[in-house]
Amino acid sequence: MTPPHVTGAPVLDEPTSVLDNLRRLAAAQKPATPGSPPYSVLVNRRLGRLLAAVAHRLGLTPNQVTALSAVATAAGLALIALGTATTPFAGLGVAALLVLGYGLDAADGQLARLRGGGSPAGEWLDHVVDAFKATAVHLVVLIHLYRVEGTPSVTWLLLPLAYALVDSALFFATWITERLRQEVGIAVRTAPAGTSWRTWVRRVLLLPTDYGVLTLVMIALPFRTAFLVLYAAMFLGTAAFTAAALPMWFRQISQAGQISRVLMS
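Cut-offs used in this document
- Residues numbered from 1 in each chain as written.
- Predicted model: local features only at pLDDT ≥ 70, side-chain atom pairs only at ≥ 80, totals over all residues.
- Heavy atoms only, no water.
- Helix = DSSP H or I, 4+ residues; strand = E, 2+ residues; numbered from the N terminus.
- Buried < 20%, exposed > 50% of the residue type's maximum accessible area, 1.4 Å probe, protein only.
- Core = buried A, V, L, I, M, F, W, Y, C linked by side-chain atoms within 4.5 Å.
- Contact = heavy atoms within 4.5 Å.
- Phe/Tyr/Trp six-rings, centres within 6.5 Å; stacked < 30°, edge-to-face > 60°.
- Expected span 1.5 Å × (residues − 1).
- Bend = angle between axes of the 7 residues up to and from the residue.
- Axes fitted to C-alpha atoms, helices over the stretch in contact; angles between N-to-C directions.
- Parallel < 35°, antiparallel > 145°, perpendicular 65-115°, else oblique.
- Left-handed = near helix turned anticlockwise from the far one by under 90°.
- Nonpolar A, V, L, I, M, F, W, Y, C, P; charged D, E, K, R; others polar.
- Patch = residues over 30% accessible without salt bridge, like charges linked within 9 Å, V, L, I, M, F, W, Y side chains within 5 Å.
- Areas by Shrake-Rupley, 256 points an atom, 1.4 Å probe, with all protein chains shown as cover.
- Salt bridge = Lys/Arg side-chain N within 4 Å of Asp/Glu carboxyl O.

Asker: Even after reading the chapter, I still don't get the overall build of the protein chain, so can you show me in this structure?
Answerer: Check the secondary structure of the protein chain and you find nine helices and zero strands. In the protein chain, the succession of α and β elements from N to C terminus is α-α-α-α-α-α-α-α-α. Here the protein chain, with 265 residues, has 44% of them falling under the buried criterion.

Okay, here's the thing in structure tokens:
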């Protein structure tokens, strides 16, 4: 979820070749934070870069790319809710649409860089679409489990409800923490070149919190037991991270706020 207002690449008023766009984006790529999961760093960032390069060649705007992301995601979610993902090919189709939607979500901010920067309205639209997605993906899983035969017990229907609650809370907590960090002057660490093995261990442990990994889990939808095991594992990992992160973020903001008041007094 790259903010569309970020700048850093040369301004390109006219569409250029896809290869030229890729080179410019690669040169202006922001360093990943140590807490970025591997899928976001190794897959979605690169996919978003390619899609942004193509979108600029086609003359699209960041907001149009955000809209395309919403359409692709909504199509994938609709297939889940309608209960049509009951064959291996259908599961792959659902995952492909969600992966495309997530890649376009990364592309709108990178496209904004090529165009010289986005707008507050573009950032607002990007975050609103993400907020809907964070909850909707679990609600459609609930509908799917209810409609399609094969769920071991109705108790499993509580799982997507709990997941939706945790994911939506984590989404908002992440957003407001980033904003307050900027206000109180807490620097966000970035991973240096030649990232250490400790950073990669941390990123692997954060895999359950990555929406991109969740989209790949949807491949298993036709295989009910396998899907429930993977989905439950993703939920437990996300819940564990949320339980650990929220107190830490609260302490960071509290301490930074106290320091800020002292300096201003």
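Asker: Help me out: how do you make sense of the nonpolar core in this one?
Answerer: Across soluble globular proteins, you tend to see nonpolar side chains buried next to one another. In this structure, Ile 80, Leu 214, Met 218 and Phe 227 are the most contacted members of the largest nonpolar core, which totals 32 residues. Of all the secondary-structure elements, those providing two or more residues to this core are α3 (62–81), α4 (88–114), α5 (120–147), α6 (158–184), α8 (211–217) and α9 (224–264). Tallying contributions element by element places α9 first for this core, with six residues. Look past the residues within four positions of Leu 214 in its chain and what remains in contact with it is Val 137, His 138, Tyr 163, Tyr 231 and Met 234. If you look at the next biggest cluster of nonpolar residues, it comprises nine residues, including Leu 25, Val 65, Leu 104 and Ala 107.

Asker: Can you help me understand the packing of aromatic side chains in this one?
Answerer: The geometry of two aromatic rings is summed up by the distance between their centres and the angle between their planes. All told, the structure shown has seven aromatic pairs when counted by the stated rule. With centroids separated by 5.1 Å and ring planes inclined at 75 degrees, the aromatic side chains of Tyr 102 and Tyr 211 adopt a geometry described as edge-to-face. With Tyr 102 in helix α4 and Tyr 211 in helix α8, the pair connects residues that are 109 residues apart, well separated along the chain. When its relative accessible area of 6% is taken as the criterion, Tyr 102 is described as buried.

Asker: Help me understand helix α2 (residues 38–57), please; the structure alone is not making it clear to me.
Answerer: Residues three or four positions apart in an α-helix share a direction because the helix packs 3.6 residues into each turn. With 20 residues, α2 should cover 28 Å at 1.5 Å per step; its first-to-last C-alpha distance of 28 Å lies within 8% of that length. The largest bend in α2 amounts to roughly 35 degrees and is located at Asn 44.

Asker: For this particular structure, what's the right way to read the packing of α5 against α6?
Answerer: Where α5 meets α6, the axes come as close as 8 Å, and the angle between the chain directions of the two elements is 165 degrees. The angle between the axes of α5 and α6 places the two elements in the roughly antiparallel class. Relative to α6, the crossing made by α5 is right-handed. Here Glu 123, His 127, Asp 130, Ala 131, Ala 134, Thr 135, His 138, Val 141, Leu 142 and Leu 145 of α5 lie close against α6, whose contacting residues are Pro 160, Leu 161, Tyr 163, Ala 164, Asp 167, Ser 168, Phe 171, Trp 175 and Arg 179. Looking at side-chain class alone, the contact of α5 with α6 contains 11 nonpolar, four polar and four charged residues.

Asker: Help me understand a nonpolar patch on the surface, please; the structure alone is not making it clear to me.
Answerer: Taken together, the side chains of Phe 89, Leu 92, Leu 216 and Ile 219 define a hydrophobic patch exposed on the protein surface, amounting to about 400 Å² of accessible area. Within the element layout of this structure, Phe 89 appears in helix α4. A relative accessible area of 72% places Phe 89 in the exposed class.

Asker: I would appreciate a short explanation of α3 in the present structure.
Answerer: Taking 1.5 Å of rise per residue, 20 residues should cover 28 Å, and α3 covers 28 Å from first to last C-alpha, within 8% of that figure. If you check which residues of α3 are buried, you get Pro 62, Val 65, Thr 66, Ser 69, Ala 72, Thr 73, Gly 76, Leu 77, Ile 80 and Ala 81. In this structure, the buried side of α3 is in contact with α2, α4, α5 and α8.

Asker: What's the story with the pattern of salt bridges in this structure? I'm lost.
Answerer: Oppositely charged side chains are able to pair whenever their charged atoms sit close together. All told, the structure shown has three salt bridges when counted by the stated rule. Note that Glu 123 is salt-bridged to Arg 179, the shortest N-O span being 2.3 Å. Residue Glu 123 is located in helix α5, and its partner Arg 179 is located in helix α6; the two are separated by 56 residues in the primary sequence. Among the residues examined, Glu 123 registers a relative accessible area of 12% and is labelled buried. Here Lys 133 and Asp 130 are joined by a salt bridge, their closest N and O atoms 3.4 Å apart. Of this pair, Lys 133 and Asp 130 are both found in helix α5, three residues apart, which corresponds to roughly one turn of the helix. Since its relative accessible area comes to 8%, Lys 133 is described here as buried. Exposure remark for Asp 130: the relative accessible area of 2% places this residue in the buried category.

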